[in-house]
Amino acid sequence: MNNKTEITIIGAGLAGLTAAIHLLKQGFSVTIIEKNSFPKHKVCGEFISNEIWDYWLTLGLNITSLQPTKIDKTLLSTTDGKSIESSLLLGGFGISRYKLDYYLYQKTLELGGNIIKANVNKVTFSNDIFTLRTEENRLYLSKIVLGSFGKRSNLDLKMHREFIQKKSPWLAVKAHYDLELPDDIVMLHNFDGGYCGVSKIENNKVNICYLVQYSSFKKYKDIIDFQKKVMMKNPHLNSVFKEGKMLFEKPLTISQISFEDKPKIENHMIMIGDAAGMIHPLCGNGMAIAVHSAKIASELATKYLHNKITRTQFENQYVATWNKTFKSRIQFGSILSKILLNNSLSKLVMKSLIFFPFLLPFIIKKTHGKPV
Ligand SMILES: Cc1cc2nc3c(=O)[nH]c(=O)nc-3n(C[C@H](O)[C@H](O)[C@H](O)COP(=O)(O)OP(=O)(O)OC[C@H]3O[C@@H](n4cnc5c(N)ncnc54)[C@H](O)[C@@H]3O)c2cc1C
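Here, residues in each chain are numbered from 1, in the same order as that chain's written sequence. Side-chain atom pairs in this predicted model are given and counted only at pLDDT of 80 or more, local residue features only at pLDDT of at least 70, and totals for whole chains, interfaces and linings cover all residues. The side-chain figures draw on all heavy atoms in the structure; neither hydrogens nor water molecules are used.

### Focus on the overall build of the chain
1) Next: Only DSSP runs of H or I reaching four residues or more are called helices, and only runs of E reaching two or more are called strands; each is numbered from the N terminus. A tally of regular secondary structure across the chain gives 12 helices and 17 strands.
2) Next: Relative to its length of 372 residues, the chain is compact, with a C-alpha radius of gyration of 21 Å against a globular reference of 21 Å.
3) Next: If you line up the chain on its principal axes, its C-alpha atoms span 60 × 40 × 35 Å.
4) Next: For every residue, the accessible area obtained with a 1.4 Å probe (protein chains only) is divided by the maximum for its type, and the residue is called buried under 20%, exposed over 50%, and partly exposed between those limits. The buried share of the chain, taken over its 372 residues, is 54%.
5) Next: For the chain, the share of sequence-separated contacts (at least 6 apart) that also reach a separation of at least 24 residues comes to 71%.
6) Next: Every accessible area reported is derived by Shrake-Rupley at a probe size of 1.4 Å, with residue values counting cover from the shown protein chains alone. Carbon and sulfur atoms make up 52% of the accessible area of the chain, which amounts to about 16,900 Å² in all.
7) Next: Charged-residue counts in this description rest on Lys and Arg as positive and Asp and Glu as negative, His and the chain ends being excluded. A charged residue contributes its charge at one atom only: NZ of Lys, CZ of Arg, CG of Asp or CD of Glu. Averaging the locations of the 49 positively and 31 negatively charged side chains of the chain gives two centres separated by 4 Å. In this setup the radius of gyration rests on C-alpha atoms only. A globule is expected at 2.2 Å times the number of residues raised to 0.38. Two residues form a contact once any of their heavy atoms are found within 4.5 Å.

Written out as structure tokens, the structure is:
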């Protein structure tokens with residue numbers, strides 16, 4: 001056996017790194033196993049809701065030092081460019097995952113976290129201890145394992161998780177651009193088969209990230225062809241792509257993005273972040289939910305390791321709190337995405353919003369939580 005630790009976290013994304021920082025601050029020994037190197041770009045809209053700002057502050061994380069843009073407005077547009085603007089009650093900020101994840105990674109190391117670069121391919125549980133095996137056949141023992149390996153991982157296949165057996169119609173594309181845009185707004189532009197988020201991040205760069213159904217995308221030659229023939233029919237996206245200069249050699253793409261329900265516990269492993277469930281990106285708070293779920297899991301892990309609750313109570317309380325905090329938001333996000341993807345329905349909703357603008361903040365509130 002190579003290593004024994006109190007908590008092992010699989011995956012150093014936002015959920016895993018936040019949990020690591022939280023638990024290290026409580027004085028526990030924490031190992032994180034991450035298959036990729038840092039820093040690294042990730043497919044993401046890069047708008048973060050302020051819900052988790054205060055929580056990160058309590059962990060000693062100074063996001064201001066990364067110079068994020070402050071965002072407090074949103075604009076929605078239909079496929080034909082009709083739009084409505086609203087203020088965002090809680091607001092948020094724009095920061096690249098390249099910079100944000102790397103910052104959390106460095107903080108974890110500063111606090112004494114043991115970060116190992118490896119791909120975990122098996123996790124077993126017996127006699128109240130987890131054994132993790134990596135691709136290189138190294139073994140790690142741990143009292144608690146947090147599964148924070150994101151929306152889709154080799155481990156999902158290994159664990160025969162139900163969602164991974166089904167094909168998902170979604171793929172996503174993202175790149176940074178040089179483009180004139182106000183700092184304080186996150187835009188969500190609709191197009192046939194998907195939606196596209198446009199907002200500023202640090203250093204005056206703009207992040208453009210869209211989610212599209214494969215059935216709509218596959219009729220076209222490539223990304224550029226699709227953008228020209230489908231997305232640019234929306235006049236807002238027409239000017240975005242005409243005026244913007246891409247700063248990546250080529251856009252990043254991912255496919256098979258699933259929004260299916262997932263178990264929150266797998267063989268006593270506590271699932272956090274996207275590994276526990278994912279909200280439609282149009283709601284702009286997947287990252288806040290990932291971080292918040294890390295907080296819930298870390299608080300319960302602390303109680304468990306201090307012998308205040310049993311393992312069964314730990315697991316049951318985690319599932320109950322997760323469902324109470326996130327389930328209805330995720331369901332509402334799924335309904336919204338269906339409306340947005342139906343041309344006539346989305347036009348009807350947009351017309352109603354233009355007549356009754358107070359409805360938009362109401363809708364936003366339904367998918368967002370209170371400050372954590
Ligand atoms: C198109 C799109 C746009 C989005 N836009 C937004 C947005 O604007 N705002 C917002 O709040 N949210 C957005 N989200 C959601 C947000 O990106 C996720 O909710 C967030 O990244 C979840 O963090 P996580 O830590 O759970 O997973 P991740 O950040 O994906 O981290 C998982 C980590 O696990 C590692 N890993 C996986 N398997 C293994 C293994 N076997 N061994 C070791 N390591 C492993 C991976 O390498 C990865 O680093 C968007 C999502 C998509 C798909």
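And the narrative resumes.
### A short note on the site of the ligand
1) Next: Around the ligand sit 38 residues, and of these Glu-34, Gly-45, Phe-47, Arg-97 and Asp-274 come closest.
2) Next: Pairs of N or O atoms are called polar contacts if they sit within 3.5 Å, as long as, within protein, a hydrogen donor faces a hydrogen acceptor (for residues adjacent in sequence, only side-chain-to-side-chain pairs). In the environment of the ligand, an oxygen atom lies 2.7 Å from a nitrogen or oxygen atom belonging to the side chain of Glu-34.
3) Next: Asn-119 places a side-chain nitrogen or oxygen 3.0 Å from a nitrogen atom of the ligand.
4) Next: Starting from 1,000 Å² of accessible surface for the ligand in isolation, the protein chains cover 95%.
5) Next: The element best represented in the shell around the ligand is helix α9 (residues 286-305), accounting for 3 residues.
6) Next: Only Asp, Glu, Lys and Arg are considered charged in this grouping, and only Ala, Val, Leu, Ile, Met, Phe, Trp, Tyr, Cys and Pro are considered nonpolar; every other residue, Gly among them, is considered polar. Each residue belonging to the shell around the ligand can be placed in one class, and the counts come to 18 nonpolar, 13 polar and 7 charged. Nearness is defined per residue: one heavy atom within 4 Å of the molecule or strand is enough.

### Re helix α10 (residues 311-341)
1) Next: What a helix is expected to span follows from its residue count: subtract one and scale by 1.5 Å. With 31 residues, α10 ought to run about 45 Å at 1.5 Å a step, and its terminal C-alpha atoms sit 43 Å apart, in line with that.
2) Next: Taken together, the buried positions of α10 are Arg-311, Phe-314, Glu-315, Tyr-318, Trp-322, Phe-326, Arg-329, Ile-330, Gly-333, Leu-336, Ser-337 and Leu-340.

### Quick word on the side chain of Ser-77
1) Next: Topologically, Ser-77 is positioned in strand β4 (residues 69-77).
2) Next: Using a relative accessible area of 3% as the deciding quantity, one classes Ser-77 as buried.
3) Next: Not counting the four nearest positions on each side in its chain, Ser-77 is found in contact with Lys-82, Ser-83, Leu-188, His-189, Asn-190, Asn-234, His-236 and Met-350.

### Section: the nonpolar core
1) Next: Within the largest apolar cluster, 93 residues are counted, with the highest numbers of intra-cluster contacts made by Ile-7, Ile-10, Trp-56, Leu-132, Leu-146 and Ile-272.
2) Next: At 12 residues, α9 tops the list of elements feeding residues into this core.
3) Next: Excluding residues that lie within four positions of it along the chain, Leu-132 makes contacts with Thr-8, Ile-10, Ile-33, Val-120, Lys-122, Val-123, Arg-138, Leu-139, Tyr-140, Ser-142 and Val-145.
4) Next: In this description, a nonpolar core means a group of buried Ala, Val, Leu, Ile, Met, Phe, Trp, Tyr and Cys residues linked to one another through side-chain atoms lying within 4.5 Å. With 26 residues, the next largest nonpolar core counts Ala-175, Val-206, Ile-208 and Tyr-210 among its residues.

### A word on the packing of α10 against helix α11 (residues 343-355)
1) Next: Lines fitted to C-alpha atoms define the axes, with helix axes restricted to the stretch in contact, and inter-axis angles between N-to-C directions lie between 0 and 180 degrees. Look at α10 against α11: their axes get within 5 Å of each other, and the N-to-C directions meet at 105 degrees. When the axes of α10 and α11 are compared, the pair comes out roughly perpendicular. Where α10 abuts α11, its residues Ile-339, Leu-340 and Leu-341 lie against Asn-343, Leu-345, Ser-346 and Val-349. Under this scheme an angle from 65 to 115 degrees is roughly perpendicular, one under 35 degrees roughly parallel, and one over 145 degrees roughly antiparallel; angles in between are oblique.

### Points about the environment of Phe-217
1) Next: Mapped onto the elements of the fold, Phe-217 is located in helix α6 (residues 214-217).
2) Next: Given a relative accessible area of 15%, Phe-217 falls into the buried group.
3) Next: Look past the residues within four positions of Phe-217 in its chain and what remains in contact with it is Leu-171, Val-212, Asp-222, Ile-223 and Phe-226.

### Remarks on the packing of α10 against helix α12 (residues 359-367)
1) Next: Two elements in contact, α10 and α12, have axes separated by 7 Å at closest approach and are oriented at 130 degrees. By the criterion of interaxial angle, the relationship of α10 to α12 is oblique. Residues Arg-329, Phe-332, Gly-333 and Leu-336 of α10 lie in contact with α12, whose contacting residues are Ile-363, Lys-366 and Thr-367.
2) Next: Its residues assigned to classes, the contact of α10 with α12 comprises 3 nonpolar, 2 polar and 2 charged.

### Digging into the pattern of salt bridges
1) Next: We define a salt bridge as a side-chain nitrogen of Lys or Arg found within 4 Å of a carboxyl oxygen belonging to Asp or Glu. Enumeration over the complete set of coordinates arrives at 16 salt bridges.
2) Next: Note that Asp-101 is salt-bridged to Arg-97, the shortest N-O span being 2.8 Å. With a gap of 4 residues between them, Asp-101 and Arg-97 both fall in helix α3 (residues 97-110), about one helical turn apart. Considered together, Asp-101 and Arg-97 belong to a single accessibility category, that of buried residues.
3) Next: Each of Lys-42, Arg-97 and Asp-101 takes part in a single network of salt bridges with overlapping partners.

Geometric values such as these leave the question of function open.
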